[in-house]
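Each chain is listed here by its residues.
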Protein chains: 2
Amino acid sequence: MVDHETIRKRLLSLRSAMKAEGIDEYLITSSDDHGSEYVGDYYKVSEFFSGCTSDNVTLIISQDEARLWTDGRYFISAQREIEDTGYDLMKMGEKDVPTAGQYLEEMLQDGQVLGFDGRCVTARDGMNYRRIARFKGARVDSSVDLARDLWMDRPPMPCHPVRVLDESITGEGVEDKLTRVRALMKQHGASYLMLSKLDDIMWLFNIRGGDITCNPVAMSYALIGLTTVDFFLQPGEETQELRDHLRVHKIKLHDYDDLWDYLRDYHFEGPILLDRMCTSDELFHVLNEKEKIIDAVNPTTDLKAVKNPVELSHIRDVYLQDSVVVCHFIYELKKRIGKETITEVSAANALDAMRAEIPSYLDLSFGTISAYNANAAMAHYAPTEDSCATLQPSGFLLVDSGAQYMGGTTDVTRTIVLGDLTPAMKRDFTLVACSNLRLLYARFPEGCTGVNLDTFAREPLWKYGIDFNHGTGHGIGYILNVHEGPQGIRTKAGKFRRDPAFVPGMITSDEPGIYREGEYGIRTESITECVEDSVTEFGHFLAFAPLTYVPIDLDAIDTGYMEESDIKLLNDYHKAVYEKIAPYVEGEELSWLKEATKPIRKM
Amino acid sequence: MVDHETIRKRLLSLRSAMKAEGIDEYLITSSDDHGSEYVGDYYKVSEFFSGCTSDNVTLIISQDEARLWTDGRYFISAQREIEDTGYDLMKMGEKDVPTAGQYLEEMLQDGQVLGFDGRCVTARDGMNYRRIARFKGARVDSSVDLARDLWMDRPPMPCHPVRVLDESITGEGVEDKLTRVRALMKQHGASYLMLSKLDDIMWLFNIRGGDITCNPVAMSYALIGLTTVDFFLQPGEETQELRDHLRVHKIKLHDYDDLWDYLRDYHFEGPILLDRMCTSDELFHVLNEKEKIIDAVNPTTDLKAVKNPVELSHIRDVYLQDSVVVCHFIYELKKRIGKETITEVSAANALDAMRAEIPSYLDLSFGTISAYNANAAMAHYAPTEDSCATLQPSGFLLVDSGAQYMGGTTDVTRTIVLGDLTPAMKRDFTLVACSNLRLLYARFPEGCTGVNLDTFAREPLWKYGIDFNHGTGHGIGYILNVHEGPQGIRTKAGKFRRDPAFVPGMITSDEPGIYREGEYGIRTESITECVEDSVTEFGHFLAFAPLTYVPIDLDAIDTGYMEESDIKLLNDYHKAVYEKIAPYVEGEELSWLKEATKPIRKM
């Protein structure tokens, strides 16, 4: 963590620069040119100026005020990171907390200037900020990157070689994908698709990059015409393999930096489809001056969410191997706790090392979260070697982890009992288990969206006046980003797009939690595959099948908080865990697994 | 039911008239000028031409085809009504069934003419049809009312005197309502509010009419300025009481028919707020030519949904009296069945007569649905004296009924056991009871919409691959329409508006069902009041409190399909029913009530 004195100095110099440039309100996001959720270090401008490491940050700075918006996952950590720095935390989604737009609407004065870097603001947000500024008589300058001069040791743009995936891994060739994408473009009446979204581009071209930690994507753009494909990539990222691959598929390669001139000179012959949620304000305006824009979810986003049979087969295989490792980790941790010194970080390192031994392992899919007791109340706590907690033989260790394999992207959270628990800890753990299992074994008619399904998971918590302020589930990529749209399981539908219905082949997390600030945090996350269930006289029903097979810690279960049917679900799940994992373990560990998955009864 | 031969003849004459007028596709709705759900007989043009009595119908007729769209509540009845008439049923919301708009998009040819009566099509639908016509090179003629010449014995426009409600009934004066409405108008940046929605107008002016059966509304319009109020009403509807009331509140009264000239001449001084979902295409176009239109839910719709303490107090009182009557009806029915001849209609008449004896009774709130066994599989079955079923001492009688009282509008459904049941009937009845009770006793955080809550009710059915194709709950008016927005409990959010969050004071039905075509139909409907529940460290929680206190028939309960917690909910509910109703009954009926509400245990 950057010390608060440094942040205060940076804020001072930022304000001087704002004065010099005539900027009254300066807005900084945590995003890159591609609307990415996670970004390369080069783009961590909001972290540089605020010290806040959250992935979803908006800063608005004036001479008098400095505000930082982030979401519920980061309220606790952000509050700690920005204490005494001069920033005020704005808790997104909380009642009576204005959004960044509402705040601007209140603050901007006639004749003032709102500045931001139009490459790191999405077109959707940019449009909103411009509307507000116009309404208040203010001017927008969207070409202001004050970090350029103030961030001396700014890291370089990420630039790593791109690899090509074999069709035995992707299950579908580039031509077939382009055909399906173009059919959807035509449905929208579009002649072009402008892709900024990095994982969409990787999926479409059957390639993977290494520009963002844990996210196998390459900084790039693609312009898909009805017969042409232009691909913009940094020169240092090409390999001979890639050049051959692109030539075969008639994809024209350009320098990443040439995009802007290329588009300005391009003769468009019809409307351009793009997704304003992940296209930069800058790119939107360049294109909007040239041709009619059709704003919709990228067809690639929808297509990539439904995994094909080859992908699903690899995913099931990879999740099983990943589950075996997590089971082994839990077994080892429970065996060693109290007998040797284990810290949050050493535990995480041990798990990371175990995963790295799986032959198809490529990378982690995100930094392993290993959070002991109160630390786990911060939903995205990241321990550091220097400051992390030493585990004691009591309470909970929450471990949220996953990896990239040549065959899938994993994500799993288990809250592991290290020793004594209070009755309240058991109650909360049990409620989270019920929440997780009811969603995992939900049956629902086709057409249901994540808002319908969210209630399966929340109901057992709401009953006790408990809730958690993050989504219940997110889509997951295939050897791609661990967070992937368009589907999600959450209480509120997306504000700007209709939520998609679930369809078989979608891979989604199921991760309810309970967080007691200053005490402990519990989350149980399994990954699900949406599958066909049945056709009855009432319609076509779908269900989820688990991909994750890791015991839910029986040491923290209090059956007093479970319905008979919840107990059955837990026993069913554990029976499946034993059947799946047992073939891969032996000896004492097998005995442990048997005990950890034994059927339980109502006390 | 009009005979099919007559309908075929009317369709023939309609097609001749279309030819004469040069109309290629003619669209007829079941609506009136005000977007009302239920309409006066004058407006039943779709029923005249198709014989279909559903409340939600769109007809599209060409020389070759005649299509009828209606929703899931009416699939079974509509199919029967239009058999052999030349109409094809289009089941709204079913997969692969095009909407009316999609159908037009497919059928309309370049140069053709789409005709409809722009007063009976909402502005929202009109805009869609116009867009489609333009896209297909067709022309729209929105001034075509072919019923005018073809419907010889068309009933006159409804015209009944308007009554004024005392503030002891409404709990809020007209001035205070206008102040709150104008505050919301200003929030929207509007200088005017154009109200077409009849129940909104009644609520705002504290008046009630009698122009639509069971819906105490008067055909009217209101134009609310920031300092002025114009009210358009048929001359025959005024009374001295009304004239005095309007004068006191500075509401200027006009002739209903003068609206159009008045608006054309009016000098608007700012934007006009209106709700395109319940403003006619015709009115929208008149206003759109004069001033900027702001399309949003009427502020009156939102305000009226949240009942004030005076209204709530009357509502609770009226629901108790109504529940006492329904309990008495069930007691009498169960006592007499098998001993005397009872038909669907005679049962309904008996119940209606009992309600009419309550001193504050005004009218029914809808035609009582009394449906025996297979008839109940038609969600909105209406028995007739001639064709109705005679009840036997076996199976189910579904009774859905309610009334208007000076103190509230009621609605309740119970499915009553008349004798032997199959195990499948008991299973379905029990699942519907669980569904009803889980929603009735739901606890949920503020911010939840009806889509979040819908899953409480559906989950117990989905588990068995069962579903029902109507909403789970609708808002209910106060001495007003039994169906009232904006809130609802349903699987899909409204397509064109964001669903509102539930807030204390909203009155909403809870009415899951299971319908087995040709066998039986089950629905259990209680009305709920949204109430404060608790504030915890996780937020502000709300709940429902029952307004309906009528036993759920224990003769059809199979505890094998219930969780322990479901049994507890049923026992809790029945305990409350007994405590509320017992003071009003005595003797044998009291013994029956005690037995009907006795606690049950898992078998």
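Residue numbers restart at each chain and count upward from 1, following the sequence in its written direction. Chain letters start at A and ligand numbers start at 1, both assigned in the order the entries are written. Totals for whole chains, interfaces and linings use every residue, but because this is a predicted model, local features are given only for residues with pLDDT of at least 70 and side-chain atom pairs only at 80 or more, for both listing and counting. Calculated side-chain values reflect all of the structure's heavy atoms, with hydrogen atoms and water omitted.

### Brief notes about the packing of aromatic side chains
Pairing of aromatic rings covers Phe, Tyr and the six-membered ring of Trp, with a centre-to-centre limit of 6.5 Å; geometry is then stacked below 30 degrees between planes, edge-to-face above 60, and tilted otherwise. Considering all chains together, one arrives at 46 aromatic pairs over all chains under this definition. Both rings, one in Phe205 of chain A and one in Phe231 of chain A, keep their centres 5.0 Å apart while their planes meet at 75 degrees; by these two values the pair is edge-to-face. On the criterion of sequence distance, the pair formed by Phe205 of chain A in helix α9 (residues 198–205) and Phe231 of chain A in strand β11 (residues 229–233) is long-range, its members being 26 residues apart. Residue exposure (1.4 Å probe, protein chains only): buried if accessible area is under 20% of the type maximum, exposed if over 50%, otherwise partly exposed. A relative accessible area of 0% means that Phe205 of chain A is categorised as buried. Ring geometry for Phe396 of chain A versus Phe429 of chain A: centroids 5.7 Å apart, planes at 20 degrees, classification stacked. Pair noted here: Phe396 of chain A is in strand β17 (residues 396–401) and Phe429 of chain A is in helix α16 (residues 423–440), with a separation of 33 residues, a long-range link. Here the aromatic residues Tyr192, Phe232, Tyr262, Tyr266 and Phe268 of chain A are joined through ring pairs into a cluster of three or more. A cation over an aromatic ring shows up here: Arg154 of chain B above the ring of Tyr42 of chain B, its NZ or CZ 4.0 Å from the ring centre. Charge-over-ring contacts are defined here by two conditions on Lys NZ or Arg CZ: a distance within 6 Å of the ring centre and an angle within 35 degrees of the ring normal. Looking at Arg458 of chain B, its charged tip hangs above the ring of Phe468 of chain B, at a distance of 3.7 Å from the centre. We count a stretch as a helix when DSSP gives it H or I for four or more residues in a row; a strand needs E for two or more, and each element gets its number in order from the N terminus.

### Some points on the relation of the copies chain B and chain A
One copy of the chain maps onto the other through a rotation about an axis plus a displacement along that axis. Structural alignment of chain B on chain A gives an RMSD of 0.0 Å, achieved by rotating through 180 degrees and translating 0.0 Å along the axis. What the superposition gives is, in effect, a two-fold axis relating one chain to the other. The criterion used for residue contact is that any of the two residues' heavy atoms lie within 4.5 Å. Here 100% of the contact residues of chain B are again contact residues in chain A; the copies associate through an equivalent surface. Superposition of the copies used a least-squares fit over C-alpha atoms from residues whose pLDDT is at least 70 in both.

### Some points on the interface of chain B and chain A
By a widespread convention, an interface's size corresponds to the accessible area lost as its parts come together. Residue-level contacts link 34 residues of chain B with 34 residues of chain A. Between chain B and chain A, roughly 2800 Å² of surface is buried when both sides are summed, and carbon and sulfur atoms account for 52% of that area. Among the residues of chain B in contact with chain A, Asn452, Trp462 and Phe538 of chain B are the three that bury the most area, contributing 22% of the side total. For this document, the term salt bridge refers to a Lys or Arg side-chain nitrogen within 4 Å of an Asp or Glu carboxyl oxygen. Where chain B meets chain A, there are four salt bridges. Of the charged contacts in the structure, one is a salt bridge between Lys95 of chain B and Glu446 of chain A, with a shortest N-O distance of 3.8 Å. Any N or O atom pair separated by 3.5 Å or less is treated as a polar contact, with the protein-specific requirement of one donor-capable and one acceptor-capable atom, and with residues adjacent in sequence counted only for side-chain atom pairs. Summed over the shared surface of chain B and chain A, the result is 12 residue pairs in polar contact (both at pLDDT 80 or more). Those elements that provide at least two residues to the side of chain B that touches chain A are β21 (443–445), α17 (450–462), β25 (513–516) and α18 (564–581) of chain B. Residue contributions to the side of chain B that touches chain A peak at six residues, all from α17 of chain B. Any residue that is not Ala, Val, Leu, Ile, Met, Phe, Trp, Tyr, Cys, Pro, Asp, Glu, Lys or Arg is counted as polar, Gly included; the first ten are nonpolar and the last four charged. Across the side of chain B that touches chain A, the residue classes tally to 13 nonpolar, eight polar and 13 charged. Accessible surface is computed with a 1.4 Å probe, and the buried area is the amount of it that two parts give up when combined, taken over both parts together.

### Describing the side chain of Glu237 of chain A
Positionally, Glu237 of chain A belongs in the loop between β11 and α10 (240–248). Ignoring anything within four residues of it in the chain, the contact list for Glu237 of chain A reads Pro158, Cys159, His160, Pro161, Val162, Asp211, Ala218, Met219 and Leu242 of chain A.

### Regarding the packing of helix α14 (residues 309–336) of chain A against helix α15 (residues 344–356) of chain A
All names here are of chain A. A fitted line through C-alpha atoms represents every axis, and for helices the fit uses only the stretch in contact; the resulting angles, taken between N-to-C directions, go from 0 to 180 degrees. The contact between α14 and α15 brings their axes to 10 Å, and the two run at 145 degrees. Taken as a pair, α14 and α15 cross one another with a handedness that is right-handed. Across the interface between the two elements, Asp322, Val325, Val326, His328, Phe329 and Glu332 of α14 pack against Ala347, Leu351, Met354 and Arg355 of α15. Of the residues assigned to the contact of α14 with α15, the class counts are six nonpolar, one polar and three charged. In this scheme, a crossing is called left-handed if the near helix is turned counterclockwise away from the far one by less than a right angle; it is called right-handed if the turn is clockwise.

### What about unusual backbone geometry?
In this model, Gly485 of chain A is joined to Pro486 of chain A through a cis peptide bond whose omega is 0 degrees. Mapping Pro486 of chain A onto the fold places it in strand β23 (residues 484–489). At Lys250 of chain B, a residue that is not glycine, the phi angle is positive and equals roughly 55 degrees. Located in the positive-phi region is Asn373 of chain B, a residue other than glycine, with phi close to 40 degrees. Along the polypeptide, Asn373 of chain B turns up in the loop between β16 (369–372) and β17 (396–401). Asn373 of chain B gets classed as buried once you look at its relative accessible area, which sits at 16%.

### Some words on the sheet that holds strand β4 (residues 88–91) of chain A
Residues and elements named next belong to chain A. Taken together, the six strands give an open sheet; going across it, the order is β4-β3-β2-β1-β5-β6, and neighbouring strands pair in mixed fashion. A single partner strand is all that each edge strand has here, and the edge strands are β4 and β6 (139–141). Shown here is a sheet whose adjacent strand axes are inclined to one another by a mean of 20 degrees, direction ignored. Any two strands with at least two DSSP bridges between them are considered paired. Relative to β6, strand β5 (residues 113–116) runs parallel, the two being bridged by three bridges. Each bridged residue has a counterpart across the sheet, and for Val113 the counterpart in β6 is Arg139.

### Some points on the sheet that holds strand β19 (residues 408–409) of chain A
For sheets, the rule is that strands pair by backbone hydrogen bonds, running either parallel or antiparallel. Residue and element names in this part refer to chain A. Spatially, β15-β18-β19 is the arrangement adopted by the three strands of the open sheet, whose pairing is antiparallel. Edge strands, defined here as strands with exactly one partner in the open sheet, are β15 (361–364) and β19. As paired strands, β15 and strand β18 (residues 403–405) are joined by three bridges and run antiparallel to one another. Bridge pairing in β18 links Leu364 to Ala403.

### Thoughts on the nonpolar core
The set of buried Ala, Val, Leu, Ile, Met, Phe, Trp, Tyr and Cys residues whose side-chain atoms join them within 4.5 Å is what this entry labels a nonpolar core. Counting 64 residues, the largest nonpolar core has Phe329, Leu391, Phe396 and Ile581 of chain A as the members making the most contacts within it. Per element, the largest residue contribution to this core is 10 residues, and it comes from α14 of chain A. With residues up to four places along the chain from it excluded, the contact list for Ile581 of chain A reads Leu320, Ser323, Val324, Cys327, Tyr549 and Leu593 of chain A. In terms of nonpolar packing, the next biggest core, distinct from the first, is built from 63 residues, Val324, Cys434, Leu440 and Tyr549 of chain B among them.

### Looking at the pairing of strand β2 (residues 58–61) of chain A
All names here are of chain A. Burial along β2 is two-sided: the residues Thr58 and Ile60 and Leu59 and Ile61 are all buried. Direction of pairing for strand β1 (residues 25–29) relative to β2: antiparallel, over a ladder of four bridges. Within β2, the position partnered with Leu27 by the bridge is Ile60. One ladder, built from four bridges, connects β2 with strand β3 (residues 66–70); its direction is antiparallel. Across the sheet, residue Ile60 finds its bridge partner in β3, namely Arg67. Turn length for the β2-β3 hairpin, with the two strands adjacent in sequence and antiparallel, is four residues.

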